[in-house]
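Each chain is listed here by its residues.
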Amino acid sequence: MSATLSPARTRRGRRYGSWLRGIAITLVTMVFALPVVWMFAAAFKTNVQVTDPSVGLWFTPTLDNFRAVVEAGQIVRSMGNSLLVGVISTLLSAVIAVPAAWAVGRFSMHRTGSVILVARIVPAISLLVPWYYLFARMGLVGSYTVLILSHMFVSVPLIMWIMISFFAGLPVELEEAARTDGLSAFGAFWRISLPLAAPGTATASLLAFVFSWNNFMFALVFSDDRTQTVPVTLFNFISYASTDWGGLMAAASLITVPVVLAAVIGQKYLVAGLTSGASKG
């Protein structure tokens, strides 16, 4: 009898466990999604409705906030600045960090890896004063160059730290076979390891771009009205006397869309790359 009931109990236990996991995932998703839903909803409200807790999610939407933000022009220019700085800093960081990560991971340069970890944990705010003095003497404050260089200070160690473990996990026999066929060490990296590391490179680059897009501190100190990025533009909606909540939420919604799209597109290519690698293997 017990042997007959055991499979049924096992199925019920798995079903209950699946339900509990689904409920837990739903609750966690709701907790994290609630601020985002409120932000998008507040973007379609007036300032009076935003501060009125009785309005909730039932209201007559308006596009006045988006219209005012776009017509002002600053948010569009700031999004262009953020895109320019984010793309260039991420590309330059990947060009430097990926080959360096391959060398560290392939040749077991543990001491170099420790130095990279130190660079990751150094508070960036502690470097603002010497950086500002140095860049001001060079006449670079307020330029795109200083923003790109400051973002690379974080992006290069970030990409390297992710890619070191990725390259270390690749089979060394593949590169040895390529070396046997006549390729140099760098040729084996370029033709063998780099294509296999494409999913990791995409992940690290996406994280670096998101950091650059969201960075506030460097842009606040090093940018001016011409090179201002989106976090600083959002900050300008807050004043001492009052806060334009409708415009702030509309601008926040607009700058969130590119990051969400980048994450969705990046996830698509990551899944495609992993599936392709599995089918070829």
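Residues numbered from 1 in each chain as written. Predicted model: local features only at pLDDT ≥ 70, side-chain atom pairs only at ≥ 80, totals over all residues. Heavy atoms only, no water.

K.L.:
What should I look at first to understand helix α10 (residues 198-214) in this one?
P.N.:
In an α-helix, one full turn covers 3.6 residues, which means residues spaced three or four apart are oriented alike. Compared with an ideal rise of 1.5 Å per residue, which puts 17 residues at 24 Å, α10 spans 24 Å between its outermost C-alpha atoms and is within 8% of the ideal. Among all positions of α10, only P199, G200, T201, A204, S205, A208, F209, S212 and W213 are buried. (Helix = DSSP H or I, 4+ residues; strand = E, 2+ residues; numbered from the N terminus. Expected span 1.5 Å × (residues − 1). Buried < 20%, exposed > 50% of the residue type's maximum accessible area, 1.4 Å probe, protein only.)

K.L.:
Explanation requested: the packing of helix α4 (residues 74-106) against α10 in the structure shown.
P.N.:
The description of two packed helices rests on the angle between their axes and on the distance between the axes. It is the contact of α4 with α10, at a shortest axis distance of 9 Å, that shows an interaxial angle of 140 degrees. By the angle class used here, α4 and α10 are oblique. Along this stretch, α4 crosses α10, giving a crossing that reads as right-handed. Contacts between α4 and α10 involve M79, S82, L83, V85, G86, V87, S89, T90, A94 and V98 on the former and, on the latter, T201, S205, A208, F209, S212 and W213. (Axes fitted to C-alpha atoms, helices over the stretch in contact; angles between N-to-C directions. Parallel < 35°, antiparallel > 145°, perpendicular 65-115°, else oblique. Left-handed = near helix turned anticlockwise from the far one by under 90°. Contact = heavy atoms within 4.5 Å.)

K.L.:
Can you walk me through the packing of aromatic side chains in this structure?
P.N.:
Pairs of aromatic rings are described using the distance from one ring centre to the other and the angle between the two planes. On inspection of all chains with the given rule, the structure shows 13 aromatic pairs. Here the aromatic rings of F186 and W190 are separated by 6.3 Å at their centres, their planes lie at 20 degrees, and the arrangement is stacked. Of this pair, F186 and W190 both sit in helix α9 (residues 185-196), separated by four residues, roughly a single helical turn. On the accessibility criterion, W190 (52% relative accessible area) is exposed. Within the aromatic cluster, the residues linked to one another by ring pairs are W102, F167, F186, F189 and W190. (Phe/Tyr/Trp six-rings, centres within 6.5 Å; stacked < 30°, edge-to-face > 60°.)

K.L.:
Please clarify how the side chain of N81 should be interpreted in this entry.
P.N.:
Along the polypeptide, N81 turns up in helix α4. According to the relative accessible area criterion, N81 is buried, its value standing at 4%. Contacts of N81, omitting those with residues within four sequence positions, involve Y144, R226, T227, Q228 and T229.

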